[in-house]
Amino acid sequence: MNLKGQTALITGAGRGIGKTIAAKFAKLGSDLAIVDMNPISNNVLREIEQNGTKCLSYQLDVTDVDEVDSVVKKIIDETGGIHILVNNAGITQDNLFMRMKPEQWLQVIDVNLNGVFHVTKAVIRTMVKQHSGRIVNISSVVGFSGNPGQVNYSSTKSGLIGFTKSLSREVGTRGITVNAVAPGFINTSMTQALNENQQQAILSQIPLGRMGEAEDIANAVAFLTSDEASYITGTVLHVNGGMY
């Protein structure tokens, strides 16, 4: 796979899966614009730029429409266009439904679903003008299977599937593909914080007997943005070790 000559915008790229996707893209030759709700460290930028690619970084709240429009305009002015968009930014506010506060519901909806709308809306016009583009939305296995204590999070990840399938039908004639990746349980700081009993309960549901790595998701996203996947759109790629 080769992404040379492409500029990719990745949200939620300050750490974890988003950072790993950015590093993978850099190895494939893509220039990058990475954004995160928290300041992106110089260590992350050095890790990405060591592959010889250019990387712009911005602190961005994807729920702020004006801020999103402003940052996307800066990226396009600086790079000449955005060819790849990876909507990875997301949060959790877990609680049993009977105890879930309205603000826990609304905050997760606002970041995980409304944020995807805002960023994609800001980027889509330049892709239409280019008559090309790749959009990948990061969903989740729990958007399909459900998960106790995550009614809000699961709802947003299910919503992204409808978003993906509908948008793919609207923009396909303009040479733009829209797909989703649905990770299972991935070895990140969030899963590492679980106690041993919780981790074993998760592993018992995974036929491959292990959690995935962030690189597994980055590889899937890279494939969907490459020329090798040029005839794939409106599709969900499940990366969960056979869990679902």
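Provided above is the structure to which this section pertains.
A. Spotlight on the sheet that holds strand S2 (residues 31-36). Taken together, seven strands build an open sheet; the order of strands is S3-S2-S1-S4-S5-S6-S7 and the sheet is parallel. Of all strands in the sheet, those with a lone pairing partner are strand S3 (55-59) and strand S7 (236-239), marking the two edges. Taken over all neighbouring pairs, the strand axes of this sheet differ in orientation by 15° on average, direction set aside. Here strand S1 (residues 7-11) pairs with S2 via five bridges, running parallel. Across the sheet, Ala-8 pairs through a bridge with Leu-32, a residue of S2. Its contacts with the sheet place helix H1 (residues 16-27) against S1, S2, strand S4 (84-87) and strand S5 (133-138), and it is angled at close to 170° to S1.

B. View of the side chain of Thr-156. Within the secondary structure, Thr-156 sits in helix H6 (residues 151-171). Here Thr-156 falls in the buried class, since its relative accessible area comes to 0%. When residues no more than four places from it in sequence are discounted, the contact partners of Thr-156 are Val-108, Ile-109, Asn-112 and Leu-113.

C. Main features of the layout of surface pockets. Approximately 1400 Å³ is the volume attributed to the largest pocket. For the lining of the largest pocket, the secondary structure elements donating two or more residues are H1, S2, helix H5 (142-145), H6, helix H7 (189-192) and helix H8 (196-203). Class assignment for the residues of the lining of the largest pocket results in 22 nonpolar, 22 polar and five charged. Taken as a whole, the second largest pocket holds about 150 Å³ of empty space. As for the second largest pocket, its lining consists of Asn-2, Leu-3, Lys-4, Gln-6, His-83, Ile-84, Ser-132, Gly-133, Arg-134, Thr-225, Ser-226 and Asp-227.

D. Main features of the packing of aromatic side chains. Evaluated as defined, the whole model comprises one aromatic pair. Measuring from ring centre to ring centre gives 5.7 Å for Phe-144 and Tyr-244, while their planes differ by 40°; the resulting arrangement is tilted. Here Phe-144 is found in helix H5, whereas its partner Tyr-244 is found in the segment after S7, with 100 residues between them in sequence.

E. Up close: the pairing of strand S6 (residues 176-183). The buried fraction of S6 is high, at eight of eight residues. Alternating positions in S6 separate into two faces, Ile-176, Val-178, Ala-180 and Ala-182 on one and Thr-177, Asn-179, Val-181 and Pro-183 on the other, with burial throughout. By the bridge criterion, six bridges tie S5 to S6 in an arrangement that is parallel. What sits directly across from Val-136, in S6, is Asn-179. Both S6 and S7 contribute to a ladder of four bridges, which runs parallel. By the bridge assignment, Val-181 is partnered in S7 with Leu-237.

F. Here's a closer look at the pairing of S4. Both faces of S4 are covered, namely the face carrying Ile-84 and Val-86 and the face carrying Leu-85 and Asn-87. Direction of pairing for S1 relative to S4: parallel, over a ladder of three bridges. Within the sheet, the bridge partner assigned to Ile-10 lies in S4 and is Val-86. Looking at chain direction, S4 and S5 are connected through four bridges and run parallel. In the sheet register, Leu-85 faces S5, and the bridge partner there is Ile-135. Between the parallel elements S4 and S5, the chain passes through helix H4 (residues 102-130) in a crossover that is right-handed.

G. How the structure looks around the environment of Gly-90. Tracing the chain through its elements places Gly-90 in the loop between S4 and H4. It is 13 Å that separates the C-alpha atoms of Gly-90 and Leu-60, two residues lying 30 residues apart in sequence. When near neighbours in sequence (up to four residues on either side) are disregarded, Gly-90 contacts Val-111 and Asn-112.

What counts, and where the lines are drawn
Residues numbered from 1 in each chain as written. Predicted model: local features only at pLDDT ≥ 70, side-chain atom pairs only at ≥ 80, totals over all residues. Heavy atoms only, no water. Pairing = 2+ DSSP bridges. Helix = DSSP H or I, 4+ residues; strand = E, 2+ residues; numbered from the N terminus. Axes fitted to C-alpha atoms, helices over the stretch in contact; angles between N-to-C directions. Contact = heavy atoms within 4.5 Å. Buried < 20%, exposed > 50% of the residue type's maximum accessible area, 1.4 Å probe, protein only. 1 Å grid on protein atoms, 1.4 Å probe; cavity = no way out; pocket = protein on both sides within 12 Å on 5 of 7 lines; lining within 4 Å. Points joined across faces, edges and corners; volume = space filled by probe spheres on them. Nonpolar A, V, L, I, M, F, W, Y, C, P; charged D, E, K, R; others polar. Phe/Tyr/Trp six-rings, centres within 6.5 Å; stacked < 30°, edge-to-face > 60°. Right-handed = clockwise from strand over helix to strand, strands pointing away.

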